Amino acid sequence: QAKFVESGGGLVQPGGSLRLSCASTGFALDDYSVAWFRQAPGKEREGVSCISSSDGSTFYADSAKGRFTISRDLAKVTVYLQMDNLEPEDTAVYYCATVSWCDDSWLAYDLWGQGTQVTVSS
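Let us look at the structure shown here. (Residues numbered from 1 in each chain as written. Predicted model: local features only at pLDDT ≥ 70, side-chain atom pairs only at ≥ 80, totals over all residues. Heavy atoms only, no water.)

1. What to know about the overall build of the protein
Argument step 1. What the protein contains, in helices and strands, is zero helices and 11 strands.
Argument step 2. For the protein, the α and β elements follow one another from N to C terminus as β-β-β-β-β-β-β-β-β-β-β.
Argument step 3. Taken over the C-alpha trace, the protein has a radius of gyration of 13 Å; the compact-globule value for 122 residues is 14 Å, and the two agree within 12%.
Argument step 4. Projected onto its principal axes, the C-alpha coordinates of the protein cover approximately 40 × 25 × 25 Å.
Argument step 5. The burial tally for the protein puts 43% of its 122 residues in the buried class.
Argument step 6. A fraction of 58% describes how many contacts in the protein between residues 6 or more apart in sequence connect residues 24 or more apart.
Argument step 7. On the protein, roughly 6400 Å² of surface is accessible, and the fraction owed to carbon and sulfur atoms is 46%.
Argument step 8. Charge-centre separation for the protein: the mean point of 9 positive side chains lies 5 Å from the mean point of 15 negative side chains. (Helix = DSSP H or I, 4+ residues; strand = E, 2+ residues; numbered from the N terminus. Rg over C-alpha atoms; globule rule 2.2 N^0.38 Å. Buried < 20%, exposed > 50% of the residue type's maximum accessible area, 1.4 Å probe, protein only. Contact = heavy atoms within 4.5 Å. Areas by Shrake-Rupley, 256 points an atom, 1.4 Å probe, with all protein chains shown as cover. Lys, Arg positive; Asp, Glu negative; His and termini not counted. Charge placed at Lys NZ, Arg CZ, Asp CG, Glu CD.)

Below is the structure:
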């Protein structure tokens, strides 16, 4: 049964860093592109970053450019999101999901993890 399990969230001060992990089972990362999404209380879900199944190329929302880095380990079947210089506006539950294509449409399929909480506060 294919699934994602997110981990690595926590409470950090502004300017701090976190590394999120999205471990997958039941499929290969060179078969499906995977994106990180986030949703803050009272806000719409938004795409953060995406890594392509075909060649590992990456895509970032404007809010993440220059601060976040997405990567994958094909052997471990895991996608990572390194988050640096975190801001209070980054506070949200972060999810990973399969997507149809890595572009700004953020069109997700049905496979999602349960999410990991990131809180940025002093």
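Picking up after the structure, the text goes on.
2. Side note on the environment of Ala-75
Argument step 1. Among the secondary structure elements, Ala-75 is positioned in the loop between β7 (68-73) and β8 (78-83).
Argument step 2. Classification of Ala-75 by relative accessible area gives exposed; the value is 73%.
Argument step 3. Taking the C-alpha atoms as reference points, Ala-75 and Ala-28, 47 residues apart in sequence, are found 9.1 Å from one another.

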